[in-house]
Amino acid sequence: MLYRRFVGRSSEPVWNVVERDAVRLFAEAIADPSPLYRDEKTAKRSRYGRLLAPPTFPRTFDYGRVEGLELPSAGLIHGEFRISYRRPLLVGDELLCRLTLKDSYDKEGRRGLLGFLLFERTGEDSEGNLVFTTNDTVVVTEAVRGETSE
Amino acid sequence: MSGLPGWKAGDELEERTPPPVNRDQLKKYAEASGDPNPIHLSDEAAEAAGLPGVIAHGMLTVATMGLLFSPYLEHGHVKTFRSRFSGMVFLGDGLRVGGRVTNAEQTGEGRLYTFQVYARRGRDTVASGEVEFLVPEGVQP
């Protein structure tokens, strides 16, 4: 099991602000034309009252690092992604973001031994309410395993 | 902005075909998302990693599937989005994204629609997933 001793450990959480310009650039990059991401007037009239951020925007946040956990810089495979919202993410939101290694397990695949790492990322508002949770499955192939210092 | 369709289980979302993936978009996405991984930007780095060329960010494919819901954000929002990646996306790949309603139910928070979604290149599915879209109480369909 890769990084077994880090399972359950979290980063020192980091405050992030959902910035208007960052949302506009992100919406452009994903080619999403919704005016709710970029037009203040439309957003103000909407039921959100503020500009909205795209569902995958939390990718842009800084979640800090799990101390001592050094992943290989290349060759990791993103197997699965999940995000769950308690409420939509809005421009101006300030979120305390945290990264946790939730699990690590190995599976024998057709192309050798695969390591699975399950990361959870969370964002909480200033009152401590959970706003979103993401779960990522990262696959470490046998070729990359040697670079994990494990 | 579109009116909210009276979605029911079995309804198909209209398939969308965004422009093929190009270098400029990958550069923009790398900058906007803060992902510095060079396999999305440099052919040399991609080849060094054993790939035939640069590949698109998996999360860009998720965002592309998310385009299916952007016309309806005035009425509701994405509550959960799950995606499993099953293939790589290369420069010039034209994707088709689409999906269908698998469930519609009234919950304490409002009306919750569940969709199976996909991103395909030709017959290959490069990503598939599930989206829950919530139309909160008080919003008229």
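Rules of the game
Residues numbered from 1 in each chain as written. Chains lettered and ligands numbered in written order. Predicted model: local features only at pLDDT ≥ 70, side-chain atom pairs only at ≥ 80, totals over all residues. Contact = placed C-beta atoms within 7 Å. Helix = DSSP H or I, 4+ residues; strand = E, 2+ residues; numbered from the N terminus. Pairing = 2+ DSSP bridges. Buried ≥ 20, exposed ≤ 12 C-beta atoms within 10 Å, placed from the backbone. pLDDT = per-residue confidence, 0-100. Arc of directions from axis to C-beta. Axes fitted to C-alpha atoms, helices over the stretch in contact; angles between N-to-C directions.

What follows concerns the interface of chain A and chain B. Many descriptions give the size of an interface as the accessible area lost when the pieces come together. Contact with chain A, which involves 27 residues of that partner, is made by 29 residues of chain B. Mapped onto the side of chain A that touches chain B, the elements with two or more residues apiece are α1 (20-29) and β2 (77-85) of chain A. The element contributing the most residues to the side of chain A that touches chain B is β2(A), with 8 residues. Two strands pair when backbone bridges link them, and β2(A) and strand β2 (residues 77-85) of chain B are joined in this way by 5 bridges, in the antiparallel orientation.

When you tally the buried positions in helix α3 (residues 58-66) of chain B, you get 9 out of 9 residues, the bulk of the element. Every buried residue of α3(B) is listed here: Gly58(B), Met59(B), Leu60(B), Thr61(B), Val62(B), Ala63(B), Thr64(B), Met65(B) and Gly66(B).

Turning to the confidence of the model for chain B, a few remarks are in order. Close inspection of predicted coordinates is inappropriate in any region flagged by low pLDDT. Here chain B averages 93 in pLDDT, while 96% of its residues score no lower than 70. Overall fold confidence for the complex sits at a pTM of 0.94, while the interface term, ipTM, reaches 0.94.

Turning our attention to helix α1 (residues 23-33) of chain B. Gln25(B), Leu26(B), Tyr29(B), Ala32(B) and Ser33(B) are the residues of α1(B) that are buried. On an axial view of α1(B), the arc spanned by its buried residues comes to 135 degrees, and they lie on one face. Buried residues along α1(B) sit in contact with α1 of chain A together with α3 of chain B.

Turning to the pairing of β2(A), a few remarks are in order. Alignment of β2(A) against strand β5 (residues 130-140) of chain A, held across 8 bridges, turns out to be antiparallel. In the sheet register, Tyr85(A) faces β5(A), and the bridge partner there is Phe132(A).

Moving on, we get to the sheet that holds β5(A). On the basis of which strands lie adjacent, the open sheet formed by 10 strands has the order β1(A)-β3(A)-β4(A)-β5(A)-β2(A)-β2(B)-β5(B)-β4(B)-β3(B)-β1(B) and antiparallel pairing. Bordering the open sheet on either side are β1 (14-17) of chain A together with β1 (12-16) of chain B, each of which pairs with just one other strand. Sheet twist, expressed as the mean angle between neighbouring strand axes with direction ignored, is 20 degrees. Relative to β5(A), strand β4 (residues 112-124) of chain A is paired through 10 bridges, and the arrangement is antiparallel.

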